[in-house]
Amino acid sequence: MSATDHQGSDATARHLTVRHDLDRSVQVSCDGQPLLTYVYEPDDVQLESPRPYFHPLHTLGGDLVSLFRPHDHVWHKGIAWSLPNVGPHNFWGGPNYVHGQGYVQLDNDGSMDHERFTALEVDQDGVHVAHDLVWHTQPTEGREVGTAVVVEQRAFGVTAPTEDVWVLTFSSTLRNVSEEDLDIGSPTTKGRENAGYGGLFWRGPRSFTGGTILAPGHAGGEEVRGTTAEWMGFTGQHDETARHSTLVMVDDTANPQHPPQWFMRNEWFAGVNPAPFFSEEVPFPPHAELTFRYAVVIADGAADPERGEELAGLGRAALAAWSAGREG
């Protein structure tokens, strides 16, 4: 087990700390308050498509803003990069939608497996973590590991630009190392109307059910599901403390299908998901590469569309700084 920390050089900077539990997870804290745990070596069963996830997630004020393994969808885990239709493979977990049959449990739940870290550091600009992964198909009988079909370079960063807001930046570059087309879609591309989930998916706390979905010029409910926007978010209220928190996701302008359609839920559960594969597959032929980048802004307090736009602006700034830093 190892830990490292760094104090920003600016007098107003927050004190970000990284702790690494070897072969399990990375935790990021700010001024002693845990912000996230990134579990890169999960112990999930194959049915749940084992893959890294961010949980628990807390605001700077200490409120929990994620849910792990809810009984209604046990494969939902905080924030996770989750893709239900990658060619014939499922990297979301659980059953697949099959047109005319509904949801059917198939033997195709793959896994996203950590290979090696390429960065794990904290400096005056914030936290930067990067690692390589290999995506394997579900193992066939008699084999412990499936076939490698995708290799991924993944990175995330954490900054705390204000006293009540922190930002998670997330980047994934995928390369098809199979010899088949792995076009990426969703249940909607397979025939289920308005169910185009897939991508960076957040599952919110139970108490957020019935909360408010935010989008440019919008505060309301699921009527925005399937519409396009650069950002969308969610504001909800916590049990026990009765405080409110807000989460906003920002889609990078360079992403495929930008601006994406969004898969948003608030009636059954709280969910936010920019879904570039919502109603149209993204081609992914052999040897091709795809890159997706996002900012997730987590704030104490409730928000309206105007505040949502302000938070989205912090996400845009984080993405721009992240890009400049990586290029520099």
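Just above sits the structure.
Residues numbered from 1 in each chain as written. Predicted model: local features only at pLDDT ≥ 70, side-chain atom pairs only at ≥ 80, totals over all residues. Heavy atoms only, no water.

Focus: the overall build of the protein
Piece 1. Secondary structure assignment for the protein yields 1 helix and 22 strands.
Piece 2. In terms of C-alpha radius of gyration, the protein reaches 19 Å, essentially the compact-globule figure of 20 Å for 328 residues.
Piece 3. Considering only C-alpha atoms, the protein reaches an extent of 55 × 45 × 35 Å along its principal axes.
Piece 4. A total of 328 residues make up the protein; the buried ones form 56% of that total.
Piece 5. If you take every contact in the protein between residues at least 6 apart in sequence, the share linking residues at least 24 apart comes to 60%. (Helix = DSSP H or I, 4+ residues; strand = E, 2+ residues; numbered from the N terminus. Rg over C-alpha atoms; globule rule 2.2 N^0.38 Å. Buried < 20%, exposed > 50% of the residue type's maximum accessible area, 1.4 Å probe, protein only. Contact = heavy atoms within 4.5 Å.)

Observations regarding the pairing of strand β2 (residues 15-21)
Piece 1. Sheet analysis places β2 next to strand β3 (residues 25-30), joined by 6 bridges and oriented antiparallel. Each bridged residue has a counterpart across the sheet, and for His20 the counterpart in β3 is Val26.
Piece 2. What sits between the antiparallel neighbours β2 and β3 is a turn of 3 residues, in which Asp23 has the positive phi angle 65°. (Pairing = 2+ DSSP bridges.)

Points about the sheet that holds strand β10 (residues 111-123)
Piece 1. Spatial strand order, β10-β11-β12-β13-β22-β19-β18-β16-β17: 9 strands in an open sheet with antiparallel pairing. Strands at the two margins of the open sheet, each flanked by one partner only, are β10 and β17 (218-220). Direction aside, neighbouring strands of the sheet carry axes that sit 15° apart on average.
Piece 2. Sheet topology note: the strand β13 (residues 165-176)/strand β22 (residues 289-300) ladder contains 11 bridges and is antiparallel. Each residue of the ladder has a partner; that of Ser172, found in β22, is Phe292. (Axes fitted to C-alpha atoms, helices over the stretch in contact; angles between N-to-C directions.)

Focus: the environment of Phe278
Piece 1. Locating Phe278 in the fold gives a position in the loop between β21 (271-275) and β22.
Piece 2. For the pair Phe278 and Arg24, spaced 254 residues apart in the sequence, the C-alpha separation amounts to 32 Å.
Piece 3. When near neighbours in sequence (up to four residues on either side) are disregarded, Phe278 contacts Ser186, Thr188, Thr189, Asn194, Ala195, Gly196, Arg225, Gly226, Gln261, Trp262 and Phe263.

Brief notes about the pattern of salt bridges
Piece 1. Scanning the model with the defined rule gives 19 salt bridges in all.
Piece 2. Note that Arg116 and Asp132 form a salt bridge whose closest N and O atoms lie 3.3 Å from each other. One end of the pair, Arg116, is in strand β10; the other, Asp132, is in strand β11 (residues 126-136), with 16 residues separating them in the sequence.
Piece 3. Exposure remark for Asp132: the relative accessible area of 16% places this residue in the buried category.
Piece 4. Members of the salt-bridge network, linked through shared partners, are Asp44, Glu48, Arg69 and Lys77. (Salt bridge = Lys/Arg side-chain N within 4 Å of Asp/Glu carboxyl O.)

Overview of the packing of aromatic side chains
Piece 1. What the rule picks out here adds up to 19 aromatic pairs.
Piece 2. Look at Tyr38 and Phe54: their rings are 4.6 Å apart centre to centre, the planes differ by 40°, and that puts the pair in the tilted class. With Tyr38 in strand β4 (residues 33-39) and Phe54 in strand β5 (residues 53-57), this residue pair connects regions lying 16 residues apart in the sequence.
Piece 3. The interplanar angle of 70° and the centroid separation of 5.3 Å between the aromatic rings of Tyr197 and Phe263 together place this pair among those described as edge-to-face. Note that Tyr197 is positioned in the loop between β14 (184-185) and β15 (199-203) and Phe263 in strand β20 (residues 261-265), a separation of 66 residues in sequence. (Phe/Tyr/Trp six-rings, centres within 6.5 Å; stacked < 30°, edge-to-face > 60°.)

A look at the environment of Pro216
Piece 1. Among the secondary structure elements, Pro216 is positioned in the loop between β16 (212-215) and β17.
Piece 2. Since its relative accessible area comes to 45%, Pro216 is described here as partly exposed.
Piece 3. For the pair formed by Pro216 and Gly308, sequence separation is 92 residues and the distance between their alpha carbons is 7.7 Å.
Piece 4. Pro216 has contacts with Ala229 and Trp231, leaving out every residue within four places of it along the chain.

Thoughts on the pairing of strand β19 (residues 244-251)
Piece 1. With 7 of 8 residues buried, β19 is to be regarded as a mostly interior element.
Piece 2. Where strand β18 (residues 231-237) folds back onto β19 in an antiparallel hairpin, the turn is made up of 6 residues, including Glu240, whose phi is positive at roughly 70°.

Considering the side chain of Thr188
Piece 1. Looking at where Thr188 falls in the secondary structure, it is placed in the loop between β14 and β15.
Piece 2. Given a relative accessible area of 18%, Thr188 falls into the buried group.
Piece 3. If we skip the residues at most four places from it in the chain, Thr188 touches Glu193, Asn194, Ala195, Gly196, Phe278 and Ser279.

Section: the nonpolar core
Piece 1. Leu36, Phe54, Trp81, Trp135, Val158, Trp166 and Trp202 are the most contacted members of the largest nonpolar core, which totals 59 residues.
Piece 2. Counting 14 residues, the second-largest nonpolar core is a separate cluster that includes Leu214, Trp231, Val248 and Val297. (Core = buried A, V, L, I, M, F, W, Y, C linked by side-chain atoms within 4.5 Å.)

Observations concerning unusual backbone geometry
Residues other than glycine predominantly adopt negative phi, and peptide bonds predominantly adopt the trans conformation.
Piece 1. Cis geometry is found at the peptide bond from His55 to Pro56, where omega equals 0°.
Piece 2. Topologically, Pro56 is positioned in strand β5.
Piece 3. Look at the link from His258 to Pro259: it is a cis peptide, with omega at -10°.
Piece 4. Among the secondary structure elements, Pro259 is positioned in the loop between β19 and β20.
Piece 5. Even without a glycine there, the phi angle at Asn194 is positive, about 55°.
Piece 6. Looking at the element boundaries, Asn194 is found in the loop between β14 and β15.

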